[in-house]
Amino acid sequence: MESFIQVRRDLHKIPEVGYQEFKTQKYLLEYIHTLPQESISIKTWETGIFVLVKGTGDHPRTLAYRTDIDGLPITEQTNLPFSSEHPGYMHACGHDFHMSIALGVLTNLSREPLSDHILFIFQPAEEGPGGAARMLQSEEMREWMPDEIMGLHIAPEYKAGEIAVKEGLLFANTSELKIMLKGKGGHAAYPHKTKDMIVAGAHLITQLQSIVARSIDPLNSAVITVGKLEAGTVGNIIAETAELNGTMRSLDPEVMETLKTRVSAICDGIALAFDCEVKIEFNQPYYMVYNDHQLTADFMAFAEGHSAITCIECDKAMTGEDFGYFLKKIPGFMFWLGVGSEYGLHHAKLNPDEKAIDPAIGFITDYLRSK
Ligand SMILES: CC(=O)N[C@@H](CCC[C@H](N)C(=O)O)C(=O)O
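Please read these numbers as outputs of a predicted model, since none were measured by experiment.

1. Overview of the site of the ligand
Now for step 1: Surrounding the ligand, one finds 13 residues, the nearest of these being Gly 128, Thr 174, Thr 247, Thr 319 and Gly 320.
Now for step 2: Where the shell around the ligand is concerned, the elements lending two or more residues are β8 (173-182) and β13 (277-286).
Now for step 3: Split by residue class, the shell around the ligand holds 3 nonpolar, 7 polar and 3 charged.
Now for step 4: When residues of the shell around the ligand are assigned to domains, at least three fall in each of domain 1 (5-171 + 288-370) and domain 2 (173-283).

See below:
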C-alpha cells in the first residue's frame, strides 16, 4: 500500500484558518483529480469539498467520512524540515493527519468502490467559526444526505496503533466567550482620574474562575478558560479598554446556561465595582459529540478483531468539535486516533507520530468494507 506521509507533510506546510483554506482546497482538489474519476462526483462548498464515491449495489446506503481541514493561529516551534510555511499558523490540532487519512481512504475506495455510496466531507473552519452546521444546511449535503457518518481526531496521549472511543457522550458542549471592558485611560501617575481596565480585567478573570469552583455541582463538569487578554499600550499609560477571549465547556447543555448566567452576573458586578462598561458575547456554540450506541459498539467489536489496531474504551473529554452537529442529525461516531506526542493538541511543539497514518487508512478502509 502506498504511504500518505508525504501528503501529510505537504498539507502541514500550508495551514490556513477557517474559510481561508484556499491553498488547502486547491491541494486536495488537485490530488482528488488524480484518482479514477468514473466512480466519483466532486462538489466544492466554500473552501470545503464533498466527494461521493458511487456505490455499485442495487440499493446503496450513503455512509459518510468527515475530515476537518483548517489550521490554528499558532507559531510552530517543532523545527521539523516540513514546518509550516505560513508564519503564525500551524496544523496544531492534527487536521493535516485527518485530511491525509481521508485522502488515503478515498484513494482506496475510488479504485475499488463498495456496494454503498461513500461521501467524503472535507469541512472548513472546525476551530471556528464552525463549518459543520453550515455544511449540513447546504444543497450539496441535502442531495447526498448520509445514513451514517464517522470521523476521527488525533490523540497525542495514545500511542500510534491505538484508537480510543466510547458510546454516548464523547466531547463537550462549547461556547466562545468575548468580554469587552471600557473605562477611562490616562497618566499612570494619576490613577484617581482614570478607570483602569487592566485592574478591572484582572478582577474579572479571577472572579470567572470562581464559577466552576462554586456554582457548578462538582459531580458535573465545566470549564471556563480565558485564552487571550488584550489591554494597554505601554507601562506608564493606564488602559482605557481590555478585551478577554475565552471558551466555556460543559457536558450538560443546562450547565452551559448556568455558566452564561453567572458570567453575566459577574460582569454586571465588575461594571458596578469599577465604574465601567462591560459587553459580553457568547459566540459559536458547538453541540456535544454524542456517539450512537449501536454503531459505536459495532465499530469497537470490529476494531478489536483488527490486527493493525488496539482499541481502548476511553472517558469523555472537554474538547469541542462541531462534528457534534453532524451527529445530532445523522447516526454515527467519532473516535480518537493515537499519535503519541509529548506535546498536546494546540501546542506549538505538537509532533504527532506519522506511523499512525498508513495503518489508520487501512483500518478505516477495512471497516467501511465490512459494513
Ligand atoms: C478538537 C478541538 O480542539 N476542537 C476545538 C474546537 C473549538 C471550539 C470553539 N471554537 C471554542 O473555542 O469554544 C477545541 O478547542 O476544543
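Structure's up, so let's keep going.
2. Details of the nonpolar core
Now for step 1: Membership of the largest hydrophobic core comes to 66 residues, with the highest contact counts inside it found for Ile 101, Ala 102, Phe 120, Phe 335 and Leu 337.
Now for step 2: Examining the composition of this core, we find that 8 residues originate from one element, helix α3 (residues 95-111), more than from any other.
Now for step 3: Beyond its immediate sequence surroundings of up to four residues, Ile 101 is in contact with Phe 4, Ile 357, Ala 360, Ile 361 and Ile 364.
Now for step 4: Leu 181, Ala 200, Leu 244 and Met 256 belong to the second largest nonpolar core, which has 23 residues in total.

3. Comments concerning the sheet that holds strand β10 (residues 222-231)
Now for step 1: Overall, antiparallel pairing links the 4 strands, which are arranged β10-β12-β8-β13 in an open sheet. In this open sheet, the two strands that pair with only one neighbour each are β10 and β13. If you compare each strand with its neighbour and ignore which way they point, the axes differ by 20° on average.
Now for step 2: Bridge analysis of β10 against strand β12 (residues 241-250) gives 9 bridges, and the strand direction is antiparallel. Bridging across to β12, Leu 229 finds its partner in Leu 244.
Now for step 3: Packing of helix α6 (residues 197-215) onto the sheet brings it into contact with β8, β10 and β12, and relative to β10 it is tilted by some 170°.
Now for step 4: Docked against the sheet, helix α7 (residues 253-274) engages β8, β10, β12 and β13, running at close to 165° with respect to β13.

4. Quick word on the packing of helix α1 (residues 5-12) against α3
Now for step 1: Where α1 contacts α3, the axes come no closer than 9 Å and their chain directions differ by 140°. Considering the angle they form, α1 stands oblique to α3. The chirality of how α1 crosses α3 is right-handed. Across from Val 7, Arg 8, Leu 11 and His 12 in α1, the residues of α3 making contact are Asp 96, Phe 97, Met 99, Ser 100 and Leu 103.

5. A few points about the UniProt feature "domain: Peptidase M20 dimerisation" (unreviewed entry) in the protein
Now for step 1: Sequence positions flagged by UniProt for "domain: Peptidase M20 dimerisation" (unreviewed entry) are, in local numbering, residues 177-268.
Now for step 2: Across residues 177-268 one finds 38% helix and 33% strand; the C-alpha atoms that close the span lie 15 Å apart.

6. Focus on α6
Now for step 1: Compared with the 27 Å implied by 1.5 Å per residue over 19 residues, the 26 Å span of α6 between its first and last C-alpha is a close match.
Now for step 2: Among the residues of α6, Met 197, Ala 200, Gly 201, Leu 204, Leu 208 and Val 212 are the ones counted as buried. Down the axis of α6, the buried set is contained in an arc of 120°. They therefore lie on one face. Every exposed residue of α6 that faces more than 90 degrees away from the buried side is listed here: Thr 206, Gln 209, Ser 210, Ala 213 and Arg 214.

7. A closer look at the UniProt feature "binding site: Mn(2+)" (unreviewed entry) in the protein
Now for step 1: With numbering matched to this structure, UniProt assigns "binding site: Mn(2+)" (unreviewed entry) to Cys 93, His 95, Glu 127, His 153 and His 346. On the basis of their most widely separated C-alpha atoms, the annotated residues across 254 residues gather in one place, lying no more than 12.9 Å apart.
Now for step 2: Relative to the assigned elements, Cys 93 resides in the loop between β3 (62-68) and α3.
Now for step 3: Residue classification places Cys 93 among the buried residues on the basis of 24 C-beta atoms within 10 Å.
Now for step 4: Setting aside its immediate chain neighbours within four residues, Cys 93 contacts Leu 72, Glu 127, Leu 345 and His 346.

8. Digging into the pairing of strand β5 (residues 148-155)
Now for step 1: Among the 8 residues in β5, 7 count as buried, and that is most of the element.
Now for step 2: Sheet topology places β3 next to β5; 4 bridges connect them, and they run parallel. Bridging from a neighbouring strand, Arg 66 pairs with Gly 151 of β5.
Now for step 3: Looking at chain direction, β5 and strand β16 (residues 332-338) are connected through 7 bridges and run parallel. Residue pairing for β16: Ile 154 is matched across the bridge by Leu 337.

9. Examining the domain arrangement of the protein
Now for step 1: You can read the domains of the protein as domain 1 (5-171 + 288-370) and domain 2 (173-283).
Now for step 2: Each of domain 1 and domain 2 has a C-alpha centre, and these two points are 35 Å apart.
Now for step 3: In this assembly, 6 residues from domain 1 lie in contact with 7 residues from domain 2.
Now for step 4: The residue makeup of the side of domain 1 that touches domain 2, split by class, is 3 nonpolar, 2 polar and 1 charged.

10. Looking at the environment of Gln 294
Now for step 1: Secondary-structure assignment places Gln 294 in helix α8 (residues 293-304).
Now for step 2: Put simply, Gln 294 and Gly 332 are 38 residues apart on the chain and 9.0 Å apart in space, counted from C-alpha to C-alpha.

11. Concerning the pairing of β16
Now for step 1: Most of β16 sits out of view: 7 of its 7 residues are buried.
Now for step 2: Burial of β16 is two-sided: the residues Gly 332, Met 334, Trp 336 and Gly 338 facing one way and the residues Phe 333, Phe 335 and Leu 337 facing the other way are all buried.

12. Overview of unusual backbone geometry
Now for step 1: Across the junction of Gly 128 and Pro 129, the peptide omega takes the value 0°, indicating a cis bond.
Now for step 2: Along the chain, the position of Pro 129 falls in the loop between β4 (117-123) and α4 (132-137).
Now for step 3: The phi dihedral of Asn 79 falls on the positive side, at around 60°, and the residue is not glycine.
Now for step 4: Inspection of the secondary structure assignment puts Asn 79 in the loop between β3 and α3.
Now for step 5: Positioned with a positive phi, Ala 125 is a non-glycine residue whose angle comes to about 65°.

What counts and how
Residues numbered from 1 in each chain as written. Predicted model: local features only at pLDDT ≥ 70, side-chain atom pairs only at ≥ 80, totals over all residues. Near = placed C-beta within 6 Å. Helix = DSSP H or I, 4+ residues; strand = E, 2+ residues; numbered from the N terminus. Nonpolar A, V, L, I, M, F, W, Y, C, P; charged D, E, K, R; others polar. Domains from an automatic or database assignment. Core = buried A, V, L, I, M, F, W, Y, C linked by C-beta atoms within 7 Å. Buried ≥ 20, exposed ≤ 12 C-beta atoms within 10 Å, placed from the backbone. Contact = placed C-beta atoms within 7 Å. Pairing = 2+ DSSP bridges. Axes fitted to C-alpha atoms, helices over the stretch in contact; angles between N-to-C directions. Parallel < 35°, antiparallel > 145°, perpendicular 65-115°, else oblique. Left-handed = near helix turned anticlockwise from the far one by under 90°. UniProt positions renumbered as here; feature names shortened; annotations may be inferred. Expected span 1.5 Å × (residues − 1). Arc of directions from axis to C-beta.

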